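Chain by chain, the residues:
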Amino acid sequence: MKAAYIEQTGPPDVIRYGDLPDPKVEGAQVLVRVGAVAVNPIDTYIRNGANYFELPQPFVIGCDLAGTIIEIGPEAKRFKVGDRVWGSNQGLQGRQGTFSELCAVDERWLYSSPANVTDEVLAASALTGITAHLGLVRHARLEAGETIFVHGGTGGVGAMVVQISKAIGARVITTGGSEEKVALARSLGADIAINYKSEDVDVFVKKVAPGGVDVFWETLREPNFDRIVGYLAERGRIVLMAGRDARPQFPVGPFYVKGCSMFGFVMFKATPGEQRAAADDLNRWFSAGRLHARIDRVLPLSQAAAAHRLQEENTLHRAGTISGKIVLTP
Ligand SMILES: NC(=O)c1ccc[n+]([C@@H]2O[C@H](COP(=O)([O-])OP(=O)(O)OC[C@H]3O[C@@H](n4cnc5c(N)ncnc54)[C@H](OP(=O)(O)O)[C@@H]3O)[C@@H](O)[C@H]2O)c1
C-alpha cells in the first residue's frame, strides 16, 4: 500500500510517501480502505518528536480516517465487509496511524458513516468533533440557554465547539482573525463573532454578555486566566485542552469566590465507550444536516509533508492562512 510515514522524528521533510506492506488484521481489528484522512495539530507534535508514547517503526502518521471495510478480523463483531466507517484515536498510544491506503483498526474506535455524509467530511470532523463533544457534554455540561465563549470559531476544534453548542441550544460568542473568518463563524451558527485583530474582544464580550459567560472554552496554547476568569459568570466553567508547556499566572481569589470550576482533558484518553457516545451524537447531527465540516482544502495523500507544514505554520506560528481542516485522500 501507499502510505505517508516517518522513520525518525523531525521537521515535515522527514515524512516519506511510498510503499509499505499491507497491514494484517488481528483480533477485533477490521481492514479499512481509506477514503479520507485529516491533519490535526497533535500529528505535527508527534512527528516533531514530542515523545508522548513509543512509535511503531516505521510510523504511519495521522489520527483520523473515514473509509470502507474490506476485511473483518477473527474477533470483530460490530461491522461487515462493505460498511462505511469513520473514526479517530489512531497513531496514538503506540497504535499505527491512518495516512495510508489501508488501515487495520480495532473496531471499538470505529463508527458507522451516515449514508448522506462523505468520507472527507467525516475524517475532517473525527478528532475535533469528539474533542468538542467530550468537553461540552461530559466535562462542562453545557446546557440549553447558557452562553459559551470559544476562541477561534473557524479553527479545527473551535468550529465544532460552535456547532455542537448550538445543537445543545446554547448562545455562542466566538472570534475570528479576519472579516472572512468572522462571517464563516456566523455561518456555522455563532450568535456573535468578533474580529480579534480589529476589535477589543474584552469590551465586546462585556457588552454582549454583561452577566458573564457560563463556559469559556480555551483553544489557545497560552491562556490568560485574568481575562478568562474575568469573562466568567457565577459558577462559570473553563475548558482547557491545549498548551502543555504553558505556566500562566492564576487569579485564585476571583476564581473561587465566583464558584468557578475548570476541566482539562485529552480526547485520546477517553474510553472507547465515552468516544462512542460522542460519535453517536455527531452521527445524528450530521445525518440531520445540523453539523458541517469546515474543510479548508483537500490534498492528495502524497502531499502529507506540505499539509503538515501548513498545519504547523498555523497552529504554532499563527499564520492565519487556513480556516478549518486540511483533508487528504489516497
Ligand atoms: N486536548 C485534546 O484532546 C485536544 C484535541 C484537539 C486539539 N487540541 C489542541 O487544541 C489546540 C487547537 O487545535 P485546533 O485543531 O483547533 O487548531 P487550529 O485549527 O490551528 O485552530 C487554532 C485557532 O486558534 C485561533 N487563534 C490563534 N491565535 C489566536 C488569538 N490570539 N486570539 C484568538 N484566536 C486565535 C485561530 O483563529 P484565526 O485562524 O481566526 O486566527 C484558529 O481558529 C491545539 O493546540 C491542539 O493541539 C487538543
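Residues numbered from 1 in each chain as written. Predicted model: local features only at pLDDT ≥ 70, side-chain atom pairs only at ≥ 80, totals over all residues. Heavy atoms only, no water.

Turning our attention to the nonpolar core. Core analysis: the biggest nonpolar cluster contains 90 residues, and Trp-86, Phe-99, Ile-148, Trp-217 and Leu-328 have the highest contact counts within it. Ranked by the residues each element gives to this core, the list is headed by helix H2 (residues 119-139), at nine residues. Excluding its chain neighbours within four sequence positions, the residues that come into contact with Leu-328 are Ala-36, Val-37, Val-39, Phe-99, Leu-299, Pro-300, Leu-301, Gln-303, Ala-304 and Ala-307. Among the nonpolar cores identified, the runner-up in size contains 17 residues, and Ile-194, Val-213, Ile-228 and Ile-238 belong to it. (Core = buried A, V, L, I, M, F, W, Y, C linked by side-chain atoms within 4.5 Å. Buried < 20%, exposed > 50% of the residue type's maximum accessible area, 1.4 Å probe, protein only. Helix = DSSP H or I, 4+ residues; strand = E, 2+ residues; numbered from the N terminus. Contact = heavy atoms within 4.5 Å.)

Turning our eyes to something else, we now look at the packing of aromatic side chains. Each aromatic ring pair is described using two quantities: the centre-to-centre distance and the angle formed by the ring planes. Across all of its chains, the model carries nine aromatic pairs by this definition. Relative to Phe-53, the ring of Tyr-52 lies with its centre 6.0 Å away and its plane at 75°, an arrangement referred to as edge-to-face. We classify Phe-53 as buried; its relative accessible area is 13%. Arranged with centres 6.3 Å apart and planes meeting at 85°, the rings of Trp-217 and Phe-265 form a pair that is edge-to-face. Placement of the pair is Trp-217 in strand S12 (residues 213-218) and Phe-265 in the loop between strand S14 (261-264) and helix H8 (272-287), with a sequence separation of 48 residues. When its relative accessible area of 12% is taken as the criterion, Phe-265 is described as buried. In this arrangement the basic side chain of Lys-207 is found over the ring face of Phe-204, its NZ or CZ atom lying 5.3 Å from the centre. (Phe/Tyr/Trp six-rings, centres within 6.5 Å; stacked < 30°, edge-to-face > 60°. Lys NZ or Arg CZ within 6 Å of the ring centre and 35° of its normal.)

With respect to spatial proximity, 25 residues lie near the ligand, and among them Tyr-45, Gly-177, Lys-181, Tyr-196 and Met-267 are the closest. A distance of 2.8 Å separates an oxygen atom of the ligand from a polar backbone atom of Val-157. Contact with the protein chains hides 88% of the accessible area of the ligand, taken as 940 Å² for the molecule alone. Listing elements by their share of the shell around the ligand, those giving two or more residues are helix H1 (41-47), H2, helix H3 (156-168), strand S10 (171-176) and helix H9 (304-315). By residue class, the composition of the shell around the ligand is eleven nonpolar, eleven polar and three charged. (Near = heavy atom within 4 Å. Polar contact = N/O pair within 3.5 Å; in protein donor to acceptor, adjacent residues only side chain to side chain. Areas by Shrake-Rupley, 256 points an atom, 1.4 Å probe, with all protein chains shown as cover. Nonpolar A, V, L, I, M, F, W, Y, C, P; charged D, E, K, R; others polar.)

Taking 1.5 Å of rise per residue, twelve residues should cover 16 Å, and H9 covers 16 Å from first to last C-alpha, within 8% of that figure. Those residues of H9 lying buried are Ala-304, Ala-305, Ala-307, His-308, Leu-310, Gln-311, Glu-312 and Asn-314. Close packing links the buried residues of H9 with strand S1 (2-6), H1, strand S15 (295-300) and strand S16 (325-329). (Expected span 1.5 Å × (residues − 1).)

On to a nonpolar patch on the surface. On the surface, a nonpolar cluster with roughly 490 Å² of combined accessible area is contributed by Phe-250, Val-252, Tyr-256, Val-257 and Met-262. Among the elements that line the nonpolar patch, the one with the most residues is helix H7 (residues 252-257), at three residues. Checked against the element boundaries, Met-262 lands in strand S14. (Patch = residues over 30% accessible without salt bridge, like charges linked within 9 Å, V, L, I, M, F, W, Y side chains within 5 Å. Salt bridge = Lys/Arg side-chain N within 4 Å of Asp/Glu carboxyl O.)

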